[in-house]
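# Structural characterization, general
Here's the letter readout for the chains.
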Amino acid sequence: MDFELDDEIVAFAREVEEFLDAHHDPDVFDVTRENMAQIVDTPARRAFLKKLAERGWLGMTWPREWGGQERPGVYEYVLNEALAHRGGPQTGKGVGIIGKTILAHGSERLKREFLPKILAAEIEFAVGYSEPEAGSDAASMRLRAVRDGDGWRLDGQKVWTTSAHFADWYWVGARTNPDSKHHGITLFLVPMDHPGITVKPIWTMGGAPMGAERTNEVYLDDVWVSDDYVVGEVDKGFQYISQALDLERFSMFTFGPIDERLETLVEHVRTATVDGVPVREDSGTRRRLARLVTEAEVARLLGLRVLDASMRSERDGGAPPTTEASEYKLYATQFSQRLADASMDLGGPGTQLRVGTGSAPMRGRAESTYRYTVIDTIGGGTSQVQRNIISRRRLGLPRSF
Amino acid sequence: MDFELDDEIVAFAREVEEFLDAHHDPDVFDVTRENMAQIVDTPARRAFLKKLAERGWLGMTWPREWGGQERPGVYEYVLNEALAHRGGPQTGKGVGIIGKTILAHGSERLKREFLPKILAAEIEFAVGYSEPEAGSDAASMRLRAVRDGDGWRLDGQKVWTTSAHFADWYWVGARTNPDSKHHGITLFLVPMDHPGITVKPIWTMGGAPMGAERTNEVYLDDVWVSDDYVVGEVDKGFQYISQALDLERFSMFTFGPIDERLETLVEHVRTATVDGVPVREDSGTRRRLARLVTEAEVARLLGLRVLDASMRSERDGGAPPTTEASEYKLYATQFSQRLADASMDLGGPGTQLRVGTGSAPMRGRAESTYRYTVIDTIGGGTSQVQRNIISRRRLGLPRSF
Amino acid sequence: METQLNADQVAVRDMVRRICADAAPLDRVRALEDDPVGYDPELRKALAEAGILGMAVPERFGGSALTWTEMAVVHAELGRALAPGPWFASSVLAARLLARTATTDVQRAWLPGIADGSRLVVPAWLEPGGSARATGIALRGEKVPGGYRLSGLKRHVPCASSADRLLVLFGTDAGTAIALVDPAGPGVDLEQAFSLASDTQYDVRLDDVHVADDDLVGRPGEGWSHWSATLGEALAPLAAYAVGGAERALELTVDYARTREQFGKPLGAFQALAHELADCATEVSGAELIAYRAADALDRGAPEAGRLAAMAKLYACETFRHVTRSGEQIFGGVGFTLEFDIQLYFRRAKQLELSWWSPPELEDRIADDLLTA
Amino acid sequence: METQLNADQVAVRDMVRRICADAAPLDRVRALEDDPVGYDPELRKALAEAGILGMAVPERFGGSALTWTEMAVVHAELGRALAPGPWFASSVLAARLLARTATTDVQRAWLPGIADGSRLVVPAWLEPGGSARATGIALRGEKVPGGYRLSGLKRHVPCASSADRLLVLFGTDAGTAIALVDPAGPGVDLEQAFSLASDTQYDVRLDDVHVADDDLVGRPGEGWSHWSATLGEALAPLAAYAVGGAERALELTVDYARTREQFGKPLGAFQALAHELADCATEVSGAELIAYRAADALDRGAPEAGRLAAMAKLYACETFRHVTRSGEQIFGGVGFTLEFDIQLYFRRAKQLELSWWSPPELEDRIADDLLTA
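All values reported here derive from a predicted model rather than from experimental measurement.

Parameters at a glance
- Every chain begins its residue count from 1, and numbering advances along the sequence as written.
- For naming, the first written chain is A and the first written ligand is 1, with later ones following in the order written.
- This being a predicted model, a pLDDT of at least 70 is required before a residue's local features are given, and a value of 80 or more before pairs of side-chain atoms are given or counted; all residues contribute to the totals for chains, interfaces and linings.
- Computation of side-chain values covers all heavy atoms of the structure but excludes hydrogens and water.
- Helix and strand definitions here come from DSSP, where helices need a minimum of 4 consecutive H or I residues and strands a minimum of 2 consecutive E residues; each element is numbered from the N-terminal end.
- Only C-alpha atoms enter the radius of gyration, while the globule expectation follows 2.2 Å times N to the 0.38, with N the number of residues.
- Only protein chains enter the calculation, and the probe is 1.4 Å; a residue is then buried if its accessible area is under 20% of its type maximum, exposed if over 50%, and partly exposed in between.
- By the convention used here, residues are in contact when the closest approach between their heavy atoms is within 4.5 Å.
- Areas reported here follow the Shrake-Rupley algorithm with a probe of radius 1.4 Å; residue values treat only the protein chains shown as occluding.
- Neither His nor the chain ends contribute to the count of charged residues, in which Lys and Arg are positive and Asp and Glu negative.
- Charge coordinates come from a single atom per side chain, which is NZ of Lys, CZ of Arg, CG of Asp or CD of Glu.
- Lines fitted to C-alpha atoms define the axes, with helix axes restricted to the stretch in contact, and inter-axis angles between N-to-C directions lie between 0 and 180 degrees.
- With respect to orientation, any angle under 35 degrees is reported as roughly parallel, any angle over 145 as roughly antiparallel, any angle of 65 to 115 as roughly perpendicular, and every other angle as oblique.
- In this scheme the handedness of a crossing depends on how the near helix is turned from the far one: anticlockwise by less than a right angle means left-handed, clockwise means right-handed.
- Gly counts as polar in this scheme, as do all residues outside two lists: the nonpolar Ala, Val, Leu, Ile, Met, Phe, Trp, Tyr, Cys and Pro, and the charged Asp, Glu, Lys and Arg.
- Two parts placed together each lose some accessible area; with a 1.4 Å probe, that loss summed over both constitutes the buried area.
- Salt bridge criterion: a side-chain nitrogen from Lys or Arg within 4 Å of a carboxyl oxygen from Asp or Glu.
- What qualifies as a polar contact is a pair of N or O atoms within 3.5 Å, subject to a donor-acceptor requirement within protein and to the restriction that residues adjacent in sequence count only when both atoms come from side chains.
- What fixes the domain bounds is an automatic or database domain assignment.
- In a helix, the anticipated span is given by 1.5 Å times the number of residues less one.
- To pair, rings of Phe, Tyr and Trp, with the six-membered ring standing in for Trp, must have centres within 6.5 Å; the planes then decide the type, stacked if under 30 degrees apart, edge-to-face if over 60, and tilted in the middle.
- The criterion is that NZ of a Lys, or CZ of an Arg, lies within 6 Å of the ring centre and within 35 degrees of the ring normal, and then a charge sits over that ring.
- Strands are treated as partners if at least two bridges between them are detected by DSSP.

Below, the discussion takes up the overall build of chain C. Scanning chain C from terminus to terminus reveals 11 helices and nine strands. Whereas a compact globule of 373 residues would reach a radius of gyration of roughly 21 Å, chain C reaches 21 Å, a difference of no more than 12%. Buried positions account for 66% of the 373 residues belonging to chain C. When contacts within chain C are restricted to residue pairs at least 6 apart in sequence, long-range pairs at least 24 apart make up 74% of them. If you sum the accessible surface of chain C, you get close to 11,900 Å²; carbon and sulfur atoms cover 48% of it. Each charge class in chain C can be summarised by its mean position, and for the 36 positive and 53 negative side chains these summaries are 1 Å apart.

Here it is in structure tokens:
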């Protein structure tokens, strides 16, 4: 048992912090975007990601053969947590689930076309798994891909493609075999500007002003994709998605933002007064805060365990830490909602004021956090799905759904 | 909306309190027996019940034809709550589920044999539904009854027959038709001293000293029962049991004991000191207590609603208040556990001392309550069973178990 | 004893439900989010004509003087509909405060207008950096001949821009006082503030605003006890508002769970979700009972009425929050979009829990009453 | 970084698990409930021989001086087994307190015996009507030439009847002091008290008991800070004890849920129960991590170690209580009987949560550390 990062990792973390201090830019780093801070949806954010690329911080875990440095996953963890803590964009899906899936299963051609661009931060992806009738049950995907010449013709609809309106390429799953639920899905890469693709916004509870953040519906109408842009083998898409989900579950839910919100609350309690009396003197507030910092530490440690287990599984070739990731995701996202609720309560009635209101406690952060964290226990596998995984795979209980 | 009892009921409640004051006897009334206080397992308790009978307070809701007074159910409610509040024996199964089932479905002979004895408190019953393999799923009962001459031959085992070691008669369900799960159970009445019946104790966490309270396993070995002692129609036992359960769910879980425990805690907070400082000055304690009294009132009101709805259904002939009873049972028993937990916490480390310890906060009541309330959310239909009922019958959701 | 609405109460319920369906459907609720005015004249007119705006106004001032139980019925419907507007603030809080303590002249000047829908009066109570207790009032009134000069900042003032008068709580040497202030008068500056619930509220800055002694409501020094007593009672209908919201949010969620399929069956057939909904349903039952219990106790003038009203607000708002949180989870992704209705309830539930006394303040009131008796 | 036990730690775990399986199976645990002695000589001997009783004793006094992480491993196993005996009290608390602050003579007199299993020393700390804070110590020591005379009552003293010495906390004019008292000596009266956990504890009444200055552990006035620092660290292995108990209770429950059938399928196939168990499993993981994190921080001498130890005890005990509560519910009726094992865990969990600082006391420590830094 040893919960401290090795010296060279600590040195790297320091290097990252110095870099981020030097590149501070409120257009790039914005904690008030809460969960949406991670996406690379503005020119400023893309430009910043290029700087990370120049620094050699994209694809650090990739094989040297493809421009990586074969460093352990902890480097990406440290970098992403540092970015997330400041509300900056994440290194994201490109070096993560997409790059790694291409590395593991993609053709030589896909590797040559996409991997260098990913490392140079020249490409943004959107991911299309969810469909109106397939939420938690990704394997029930219905968007149709029909064989046509040396390729496939895609028709149907996706939802919750958050990056669709600014991404370059669509990483999309489609049904190539209607007879097998779990062995009938194939992954494709499609240029987002394909004329057969239509993107429609869905406005969410997120954003400042509220409703300013969006996700998208994506309609594919007779979109032909060449075999060259099939990822790995036909009908194996669900397996690739599941493998990558083990990763996403963890990296999509960094602890950094939770930690930043907790710091905001602790700072409020430390410094604010009500009726001239320091808030920190109220016994109920102190005790509730003590519980929150305890649970935050538990969440952080559950995350560290995923990191450790996934490095071990990479090193020893074992199974990925699926149930560990589920436990972290389940616990951290529920904690995130408890923290949001507590921040409202401990800040008092003024927290009802919208984020950015200067006179609101914590400048209204409690309010935006209360809205945004709703999606934490839903996206990337709902809490119910995580519990299904834990009860079956860790506890060995029979299927109960 | 009107939450006060009518004047004549209030007068009756006062009459009951005066009667109980006059008949105070620590051998009969003992709140430290917690949930077991309701059973009539000692000579003193039987004698007290006879006094209630003499007073005309048994079977108040029964038809005049059979010695009742045809009063509304609120009279029984008031009497039982008053008894329960003092840790006294309840009027119980005889005038309740057994008497009412005999009245509704029993033969003339059974009525003549049993009803007068019940009203005179001359008979105690034990109830045998549960079996080792049939817990929450009462319809899966397997104790066998085979046709034999003008009667039935019973063989098998029951569990959780709490009154078996002192009762006179056994009200027992047996399987008369193996081909129909829900239409193959029959109710019988068997004298408890039948030579084919063996009662074995199961010692529980309850009691002072701990382990002093018991329930029983009951073995029936070749027990012949005449047709005269079949209750109602053959194969309809499950329906009779279910009807009666709607009643039991409510009357087995009186609010009185919860209220008494809450009063004990409030009194502690009001009067105790720690380090010479009154406990009532601690803000955390005050706030937790405020929540408890709030939830206690909610529990009480959910109970009143069952009472009101069941009187309405008796008056208007409507369906019994099944989901209302489930909501009360679910909420009140879970609250009862929260209260027990809070009583431990608010009383401090001294509450770990066993009930009866003079120097313990609340004389150790927190400790015995913490042990006993475990069974509240299990007996009479688990919390899970109640939620099944509510989700299906009130919310119209599909069967989920 | 009767744990259901009686026929008269059902009639009130049906009437208000009809009014809300006509004049405050959810598309109007959406349209009025963050609106500078914050209510619909059509709804105001309909509520006035039905006697709802005069619910707490004595009959001699043109009011309908409903019972507390009837006011709870009204608010349960307003909560179901999330009907936008300062009706609780003006027609309950301001009306009760004026009826309780103002001079007959002031009552004559304002109560009939509140009842007939021609006037709005709202309290201006909370301040930044201040609690919701008496000590939270830092806005000072300087005594000048014939009146006071007020300077300071009030926050969370509902619909201040369309109010005819504000009931401003302020400190004097004698203690807290309350005065009627014209929000359009000199020295009063309004700035709209935006909130989680997207309701309409203002920051109100008073800069040397003169109020005459005749504008005082009650005597200086008695302001807090009047305000505290008024809000303390009004918690009962406010709890019913939360009950109505929770009940409707639960209906929306149950409907969705019955129809939306995942893994080949309706969401409601997953036991974990079914059980969560059963818990919600039980809490909604309990919240409804305790809200009406508090109202009934107020109608009887029972000594425990104040404690019950605080308990009802505490429990009903917690239920509203919990039910809408579960609702969001069961709706899943769509619940996060503005298109679906559950988010309207979710955002309002938390704000209501914090407003008009938050849980710790209510708990303190309950404990004070319980332990100092 | 390594979030698992390393090979050495696994070896310690396996050794202690074997000892407990041999010398403290659950039928022994049952037999020793409410026992006046409260432990089994065989277990004591085995633990002593394995170096466990000397875990906190420096090597120069014959101890094994385990790391905090190893002590946490030991306690996780004691907790899994619910191994009866005052091992935490004597071999961690008393040993650390003596090692921290006693004179070399006193250390030489007691530490080797604690380590080799020939001596038991336990703290006598809490009093009726007193808190678990410094202000809770009302027992007074009257200064007399060459020592003190002690009178008063201590409660919750583990295994006092077989202890060789008690470490009694008492008040002096200079502040809190600690002295070694012979429980068999004149003026000391023991009365066994019975508890929820059926552990072995005594009320200890001191009536004019003389202690010599040489019997003092640390200087008068420093007693509370020594005790508070000692217990503050020891919370880490104590948390691990709760983790071990919770882990085992969860295993028992999962095993039952896998095999016991209702409505034609195993309990674990009911989603509501499966999800409850998944939550429990997650909490147990978290409790394990934070307990070892606290121990690791103590081993490093990290400044946040004290806060982490308090957090670990808070979280692990809450988890133990919650898991055993869920366990009772899932076992159903049989869980209420003495025959099944889950009740052994259920009763101990709550008592442990209240003991050695309860949740509010831990929360206050955490907040003090967080907000005054």
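All names here are of chain B. Packing of helix α3 (residues 74-85) against helix α7 (residues 256-271) brings their axes to within 7 Å, and their N-to-C directions diverge by 40°. It follows that α3 is oblique to α7 by the angle criterion. Note on packing geometry: the crossing formed by α3 with α7 is right-handed. Taken together, the residues of α7 that come into contact with α3 (itself represented by E81, A84 and H85) are G256, P257, D259, E260 and E263. The residue inventory of the contact of α3 with α7, partitioned by class, reads two nonpolar, two polar and four charged.

Below, the discussion takes up the interface of chain A and chain D. A common measure of how large an interface is: the accessible area buried when the components associate. Counting residues at the interface gives 45 residues for chain A and 48 residues for chain D. The contact between chain A and chain D buries some 4,400 Å² in all, and 61% of this surface belongs to carbon and sulfur atoms. Between the two partners, chain A and chain D, sit nine salt bridges. Residue R387(A) pairs with D279(D) through a salt bridge whose shortest N-O separation is 2.8 Å. Taken together, chain A and chain D are joined by 24 residue pairs in polar contact (both at pLDDT 80 or more). Going through the elements one at a time, α7 (256-271), α8 (283-316), α9 (322-347) and α11 (383-394) of chain A are the ones with two or more residues in the side of chain A that touches chain D. A total of 19 residues in the side of chain A that touches chain D trace back to one element, the largest contributor, which is α8(A).

Moving on, we come to the domain arrangement of chain A. All names here are of chain A. As far as domains go, chain A holds domain 1 (7-123), domain 2 (126-234) and domain 3 (255-394). The distance between the C-alpha centroids of domain 1 and domain 2 comes to 24 Å. Taken over both partners, the interface formed by domain 1 and domain 2 buries close to 1,500 Å², and the fraction arising from carbon and sulfur atoms is 65%. Together, M36, R109 and L110 form the three largest contributors to the area buried by domain 1 at its contact with domain 2, with a combined 26%. Between domain 1 and domain 2 we count three salt bridges in total. D168 is paired through a salt bridge with R46; the nearest N and O atoms lie 2.7 Å apart. Here domain 1 and domain 2 share six residue pairs in polar contact (both at pLDDT 80 or more) between them. Secondary structure elements with two or more residues in the side of domain 1 that touches domain 2: α4 (92-105) and α5 (108-119). The leading source of residues in the side of domain 1 that touches domain 2 is α4, at six residues.

This part is about the domain arrangement of chain C. Residues and elements named next belong to chain C. By domain assignment, chain C separates into domain 1 (7-119), domain 2 (122-221) and domain 3 (224-372). Each of domain 1 and domain 3 was reduced to a C-alpha centroid, and the two centroids are 21 Å apart. Listed by partner, the interface residues are 24 residues for domain 1 and 32 residues for domain 3. Here domain 1 and domain 3 share an interface that buries about 2,600 Å² over both sides, 64% of which is from carbon and sulfur atoms. Three residues stand out in domain 1 for area buried against domain 3, namely W68, R80 and L82, and they jointly supply 28% of the buried area on that side. Counting across the domain 1 and domain 3 interface gives seven salt bridges. Tallied by class, the residues present in the side of domain 1 that touches domain 3 amount to 14 nonpolar, five polar and five charged.

Across all of its chains, the model carries 136 salt bridges over all chains by this definition. The salt bridge partner of D173(C) is R140(C), with a shortest N-O separation of 3.0 Å. Of this pair, D173(C) sits in the loop between β4 (165-172) and β5 (175-181) while R140(C) sits in strand β2 (residues 140-144), and the two are 33 residues apart along the sequence. The partner of R321(D) in a salt bridge is E353(D), with the nearest N and O atoms 2.7 Å apart. Of this pair, R321(D) sits in helix α9 (residues 305-331) while E353(D) sits in helix α10 (residues 342-354); the two residues are 32 residues apart in sequence, bridging distant segments of the chain. This pair shows no difference in class: R321(D) is buried, exactly as E353(D) is. Each of the salt bridges in this network shares a partner with another, and the network as a whole consists of R288(A), D341(A), D345(A), R321(C), K350(C) and E353(C).

Below, the discussion takes up the packing of α9(A) against helix α10 (residues 342-354) of chain C. It is at 10 Å that the axes of α9(A) and α10(C) come closest, and there the two elements cross at 35°. Both α9(A) and α10(C) take part in a crossing whose hand is right-handed. Residues D341(A), M344(A) and D345(A) of α9(A) lie in contact with α10(C), whose contacting residues are K350(C), E353(C) and L354(C). Looking at the contact of α9(A) with α10(C) residue by residue, the class counts come to two nonpolar, no polar and four charged.

A word on helix α4 (residues 92-105) of chain B. End to end, α4(B) covers 19 Å across 14 residues, agreeing with the expected 20 Å (1.5 Å per residue, within 8%). For α4(B), the full list of buried residues reads G94(B), V95(B), G96(B), I97(B), I98(B), G99(B), T101(B), I102(B) and L103(B).

Here the focus is the packing of aromatic side chains. In this description, a pair of aromatic rings is defined by centroid distance and the angle of the planes. What the rule picks out here adds up to 46 aromatic pairs over all chains. Centroid distance F331(C) to F340(C): 6.0 Å. Interplanar angle 70°. Geometry classified as edge-to-face. Accessibility expressed as a relative area gives 8% for F331(C), which makes it buried. Members of the aromatic cluster, connected to one another through ring pairs, are F12(A), F19(A), F29(A), F48(A), W57(A) and Y75(A). Between the NZ or CZ atom of R338(A) and the centre of the ring of Y331(A), over which it lies, the distance is 5.6 Å.

Residues and elements named next belong to chain D. Bridge analysis of strand β3 (residues 147-158) against strand β7 (residues 201-212) gives nine bridges, and the strand direction is antiparallel. Looking at β7, one finds that G152 is bridged to L206. Taken together, the six bridges between strand β6 (residues 188-193) and β7 define a ladder with antiparallel strand orientation. Following the sheet pairing, E191 is matched in β7 by D203.

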